[in-house]
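Single-letter residue listing:
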There are 2 protein chains.
Amino acid sequence: MSAPIYLGVIGVGGVGTAFLNQLARLPNAPKLILLARSSQTLLSPTPSYSPSIPAAEWKTAVETPSLTKSGALTPDEIASYLASAPGRSVLVDNTSDPALASSYPVFLRKGISIVTPNKKGFSSDLSLWKDIFASAAEGKALVYHESTVGAGLPVISTLKDLVATGDEVTRIEGVFSGTLSFLFNTFAPASGGSDAKWSEVVAKAKELGYTEPDPRDDLNGMDVARKLTILARIAGLDVQSPDSFPIESLIPAELASLPSSSDGITQFMTRLPEFDAQMAGIKEGAEKAGKVVRYVGSVDVGKKEVRVGLQQFDKDSAIAGLKGSDNIISFYTRRYGSNPLIVQGAGAGGDVTAMGVTADLIKVLERLS
Amino acid sequence: MSAPIYLGVIGVGGVGTAFLNQLARLPNAPKLILLARSSQTLLSPTPSYSPSIPAAEWKTAVETPSLTKSGALTPDEIASYLASAPGRSVLVDNTSDPALASSYPVFLRKGISIVTPNKKGFSSDLSLWKDIFASAAEGKALVYHESTVGAGLPVISTLKDLVATGDEVTRIEGVFSGTLSFLFNTFAPASGGSDAKWSEVVAKAKELGYTEPDPRDDLNGMDVARKLTILARIAGLDVQSPDSFPIESLIPAELASLPSSSDGITQFMTRLPEFDAQMAGIKEGAEKAGKVVRYVGSVDVGKKEVRVGLQQFDKDSAIAGLKGSDNIISFYTRRYGSNPLIVQGAGAGGDVTAMGVTADLIKVLERLS
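These figures come from a predicted structure and were not determined experimentally.

Calculation rules
Numbering of residues begins from 1 in every chain and follows the order in which that chain's sequence is written. Here chains are named by letter from A upward and ligands by number from 1 upward, in the order in which they appear as written. Whole-chain, interface and lining totals are the exception, using all residues; otherwise, since this is a predicted model, local features are given only for residues with pLDDT of at least 70 and side-chain atom pairs are given and counted only at 80 or more. Water and hydrogen atoms were dropped before computing side-chain values, which therefore reflect all heavy atoms in the structure. We call two strands paired when DSSP finds no fewer than two bridges between them. Comment: elements are numbered from the N terminus, with helices defined as DSSP H or I runs of at least four residues and strands as E runs of at least two. UniProt positions are given in the numbering used here, feature names are shortened, and annotations may be inferred rather than shown by experiment. In this description, contact between two residues means that some pair of their heavy atoms is separated by no more than 4.5 Å. Pairs of N or O atoms are called polar contacts if they sit within 3.5 Å, as long as, within protein, a hydrogen donor faces a hydrogen acceptor (for residues adjacent in sequence, only side-chain-to-side-chain pairs). Burial classification: accessible surface area is computed with a 1.4 Å probe over protein chains only, and a residue below 20% of its type maximum counts as buried, one above 50% as exposed, and the rest as partly exposed. We define a salt bridge as a side-chain nitrogen of Lys or Arg found within 4 Å of a carboxyl oxygen belonging to Asp or Glu. Here the copies are superposed with least squares, the fitted atoms being C-alpha atoms of residues at a pLDDT of at least 70 in both. Simply put, the buried area is the total loss of 1.4 Å probe accessible area from both parts when two parts are fitted together. Any residue outside Ala, Val, Leu, Ile, Met, Phe, Trp, Tyr, Cys, Pro, Asp, Glu, Lys and Arg is labelled polar, Gly included; the first ten of those are nonpolar and the last four are charged. As annotated, the domain borders come from an automatic or database domain assignment. Method remark: on a 1 Å grid restricted to protein atoms, a set of points is classed as a cavity if a 1.4 Å probe fits but cannot get out and as a pocket if it is open with protein on both sides within 12 Å along at least five of seven lines; lining residues have an atom within 4 Å of a point. Grid points are joined across faces, edges and corners, and a volume is the space filled by probe spheres set on the points. Working definition of a nonpolar core: buried Ala, Val, Leu, Ile, Met, Phe, Trp, Tyr and Cys residues. They are joined through side-chain atoms within 4.5 Å. Planes of paired rings set the category: under 30 degrees apart is stacked, over 60 is edge-to-face and the rest tilted, where pairs are Phe, Tyr or Trp rings (Trp by its six-membered ring) whose centres lie within 6.5 Å. The rule is short: NZ of Lys or CZ of Arg within 6 Å of the ring centre and within 35 degrees of the ring normal puts a charge over the ring. The arc under discussion is defined with respect to the helix axis, by the directions toward the C-beta atoms.

A.B. asks: Provide a residue-level description of the sheet that holds strand β6 (residues 113-115) of chain A, including the pertinent values.
C.D. replies: Residues and elements named next belong to chain A. Across the sheet, which stays open at both edges, the seven strands sit in the order β4-β3-β2-β1-β5-β6-β7 with mixed pairing between neighbours. Every interior strand has two partners, whereas the edge strands, β4 (68-70) and β7 (143-144), have only one. Relative to strand β5 (residues 89-93), strand β1 (residues 6-10) runs parallel, the two sharing five bridges. From the neighbouring strand, V9 faces β5, where its bridge partner is V92.

A.B. asks: Describe in detail the UniProt feature "binding site: NADPH" (unreviewed entry) in chain A, supporting the description with residues and values.
C.D. replies: All names here are of chain A. Mapped onto the present numbering, the UniProt feature "binding site: NADPH" (unreviewed entry) falls on T95 and K119. The greatest C-alpha distance among the annotated residues, which extend across 25 residues, is 9.4 Å, indicating that they converge on a single site. Of note, T95 is situated in the loop between β5 and α3 (98-102). Other than its neighbours up to four places away in sequence, T95 contacts I10, G11, L100 and N118. Side chain to side chain, T95 and D93 meet in a polar contact 2.6 Å long. With respect to the helices and strands, K119 occurs in the loop between β6 and α5 (120-123). Taking the relative accessible area as the measure of exposure, K119 reaches 19% and is therefore buried. Apart from residues no more than four positions distant in its own chain, K119 is found in contact with T148, D223, R226, K227 and I230.

A.B. asks: Now, about the pattern of salt bridges: what can you tell me, with residues and values included?
C.D. replies: All told, the structure shown has 22 salt bridges over all chains when counted by the stated rule. Of the charged contacts in the structure, one is a salt bridge between B:K130 and B:D238, with a shortest N-O distance of 3.8 Å. Pair noted here: B:K130 is in helix α6 (residues 126-138) and B:D238 is in the loop between α11 (222-234) and α12 (262-271), with a separation of 108 residues, a long-range link. Here the salt bridges do not stand alone but share partners, grouping A:K119, A:D223 and A:K227 into one network.

A.B. asks: How would you explain the relation of the copies chain B and chain A if you had to name every residue and give the values?
C.D. replies: When chain B is fitted to chain A, the best match, at an RMSD of 0.0 Å, comes from turning it 180° and sliding it 0.0 Å along the axis. With respect to symmetry, the two chain copies, as superposed, fit the operation of a two-fold axis. Residue by residue, 100% of the interface of chain B is reproduced at the interface of chain A, so both copies engage with the same surface.

A.B. asks: Account for the sheet that holds strand β5 (residues 89-93) of chain B, naming residues and giving values.
C.D. replies: As summarised here, the arrangement of the seven strands in space is β4-β3-β2-β1-β5-β6-β7 (chain B), forming an open sheet in which the pairing is mixed. The outermost strands of the open sheet, each flanked by one partner alone, are β4 (68-70) and β7 (143-144) of chain B.

A.B. asks: Describe the interface of chain B and chain A, and please don't skip the residues or the numbers.
C.D. replies: Facing 33 residues of chain B, the contacting portion of chain A comprises 33 residues. Approximately 2,900 Å² of surface area, both sides summed, lies buried where chain B meets chain A, with 57% of it carried by carbon and sulfur atoms. Looking only at chain B, the three residues that lose the most surface to chain A are B:R335, B:Y336 and B:M355, adding up to 20% of its buried area. Across the chain B-chain A interface, the total number found is four salt bridges. For the interface between chain B and chain A, the tally reads eight residue pairs in polar contact (both at pLDDT 80 or more). The set of elements that each furnish at least two residues to the side of chain B that touches chain A consists of α7 (156-164), β12 (341-346) and α14 (350-368) of chain B. With nine residues, α14(B) is the largest single contributor of residues to the side of chain B that touches chain A. In the side of chain B that touches chain A, the residues fall into 16 nonpolar, nine polar and eight charged. For strand β12 (residues 341-346) of chain A and β12(B), the ladder comprises three bridges, and the chain directions are antiparallel. Looking across to β12(B), one finds that A:Q344 is bridged to B:I342.

A.B. asks: Please give an account of the domain arrangement of chain A that cites residues and values.
C.D. replies: Residues and elements named next belong to chain A. We note that the domain assignment places domain 1 (6-151 + 352-368) and domain 2 (155-347) within chain A. Centre-to-centre, using C-alpha coordinates, domain 1 lies 30 Å away from domain 2. Here domain 1 and domain 2 share an interface that buries about 1,600 Å² over both sides, 61% of which is from carbon and sulfur atoms. Considering only the side of domain 1, the residues that lose the most area to domain 2 are S123, L126 and V149, jointly responsible for 35% of the buried surface there. Linking domain 1 to domain 2 there are two salt bridges.

A.B. asks: Quick rundown of empty space enclosed by the protein? Include the residues and the values.
C.D. replies: Any empty space left between atoms is shown by rolling a water-sized probe over those atoms. All names here are of chain B. Tallying each qualifying case throughout the model produces two cavities of 30 Å³ or more. There is about 70 Å³ of room inside the largest cavity. Lining of the largest cavity is provided by L35, R37, Q40, T41, L42, W58, K59 and V62. Looking at the lining of the largest cavity, the elements that each hand over two or more residues are β2 (31-37) and β3 (40-43). The element best represented in the lining of the largest cavity is β3, accounting for three residues. A per-class count over the lining of the largest cavity returns four nonpolar, two polar and two charged.

A.B. asks: I'd like a description of the nonpolar core, backed by residues and values.
C.D. replies: Grouped together as the largest cluster of nonpolar side chains are 170 residues, with contacts concentrated most on A:I172, A:L183, A:F184, B:I172, B:L183 and B:F184. Beyond its immediate stretch of four places on either side in the chain, A:F184 contacts A:P189, A:W198, A:L250, A:M279, A:V293, A:R294, A:Y295 and A:L310.

A.B. asks: Please give an account of the packing of aromatic side chains that cites residues and values.
C.D. replies: According to the stated counting rule, one finds 18 aromatic pairs over all chains in the structure shown. Their ring planes at 90° and their centres at 4.7 Å tell us that A:F182 and A:Y210 sit as a pair that is edge-to-face. Highlighted residues: A:F182 in helix α8 (residues 178-187) and A:Y210 in the loop between α9 (198-207) and α10 (216-219), separated in sequence by 28 residues. Under the relative-accessibility criterion, A:Y210 is labelled partly exposed at 38%. Between B:F187 and B:W198, the ring centres sit 5.3 Å apart and the planes meet at 75°, which makes this aromatic pair edge-to-face. Residue B:F187 is found in helix α8 (residues 178-187), and its partner B:W198 is found in helix α9 (residues 198-207); the two are separated by eleven residues along the sequence. Exposure remark for B:F187: the relative accessible area of 2% places this residue in the buried category. Grouping aromatic residues by their ring pairs yields a cluster made of A:Y104, A:F122, A:W129 and A:F133. Positioned above the aromatic ring of A:F187, the side-chain terminus of A:K283 is 5.0 Å from the ring centre.

A.B. asks: Could you give an account of α9(A), with specific residues and numbers?
C.D. replies: Along an α-helix, a turn takes 3.6 residues, which lines up residues three or four apart on a common side. All names here are of chain A. Among the residues making up α9, those that are buried are W198, S199, V201, V202 and A205. Down the axis, α9 shows its buried residues gathered within 160° of arc, on one side only. Where α9 ends, the next residue or the one after it, G209, has phi of about 80°, a positive value.

Structure follows, in structure tokens:
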């Protein structure tokens, strides 16, 4: 019924693969004309931008003679290619690449809309955030990034709706990392009864694939800080960067300087038990107050304060009762009063992260067509 | 930047008034050209459809000489008026009128989009549901009704995103009535320690304005059944009507035939204590099992079963721990696995219901412009 929309996708990792699966099943899917991975790019041939790449067979599509193969393209080259397509185009960035994210304004000014779970564009310097939204307005392009916080959970959309309809968001609080949720739900369950040592819990999480390859990338709190930066900015705070507010790192100072090499990771895991007594002390301190300790992030909009770190919670609170690697996000607002609006559930994983990307893409397609 | 969009609003009750307040503060608000209450209609004069009605001063706008006054118009007359506006138009129905809801197809076929918290159109006969969405497709018009379930909580949008992105929703469960939430959270709190009688709790809720003028309109479970009907249909079940599945009414059979007059309400409240022992028995039965009783609704998509009624829950479950008059809605899906996606918060009240309406209106404006 409406003009076709053209789609470029970058990244075929866990989220990227899950997204392509969802895309392949989408009715009225846009035409996939670019699929880029680290060193390879598959394109529909110009100037017809046809045939498109079959999303369901993306793995073998590289053998299709009618498609164009290329090495890695620069963001500028990708933007030029998409902008010349015979219709509106959308870029889905399924990477966590900061360089690509810093090029979003180039795409947007050319009228290319962006859908992404990549936090980097929205949580780095405030100037990039402002440039992204100014460029989108200039290029009449759309930007959707639900999966940058809480994966597919309705977090960004809910906060934007609260703000857009004139509610006053006073406070946002929650557990924003699936990894840290799992670590503390296991180390200090509200129901008690765990005597696992901190280092054992970290090792188990690493073994289960719940942490980044280098667990320090979770324990440093930076991922949580980036999510808080995004939420605080949507709520109206001009947060300069994700390190412009206090972040409590769970990496012992003594181990912070170990190299990030695989050897450094091994050393870190080997030496982590030296700090078990310290974490046990934190756990017991909370227990003595009848509470449990959790790693949370919060934004106090009135005080313009963002904080990321350990905090004690009543055992019957929603945060204390979290299960597995679930996230929970509470929005306190004028209209909702003393009981916040709460969103809870899996905040990580390929399928649910991709779900947020696909749902965003559907909304962009609805608005562009 | 784009062509103006024209807006008709029906209803100036609690939700309607709150909506008009939010509309008045909206940047790039559409042109309000019709405002209808029970017996009065205010219109922008034809054929120019100008000036528009100032949303901020809607109460005194009736004295504006340049606006047209009329008595009540029929849905057909309103649809004709809106369809002739010099641009796309949207109807916001802030009533709970079943007759107006049954006319949605007339509006939609004329290309008028609909935004509403009115459950009637989506929870009555399945034929009306089908007619609404077929008419919308025919008229290329949009239908948004977030506030029909859980007020402004992101319930409908979340469920639609799950379905549209190809997740398999297996089960939906929750507390869908703010009134019944308050009644049971007060009557049988998870923390124990309440010896209030059931009839006292109902009387208190009535006094606080938490119930409908006739509390039987809450206690009969019909409002919950309508919400479950809507969710079940979005999840793919062809529910014929909101009484085509079991609904446990909390109105004692002996009092069901009392008239709905104000005299009948008084008689009902006077005789309710006769049944306190029965409700105390239900509460104690749950307590003996270490649980609490709650009034919940559930959809089992696989078994095609919808149920509304009392159920026992573990004291440390999220449903048992609800506070005040909050709603909670859990979505169990293939992608989310054993831990559901949960949305929780105030599910009733003028401001938060209007927020869902305003947020929907913003989405419609974004798609139409």
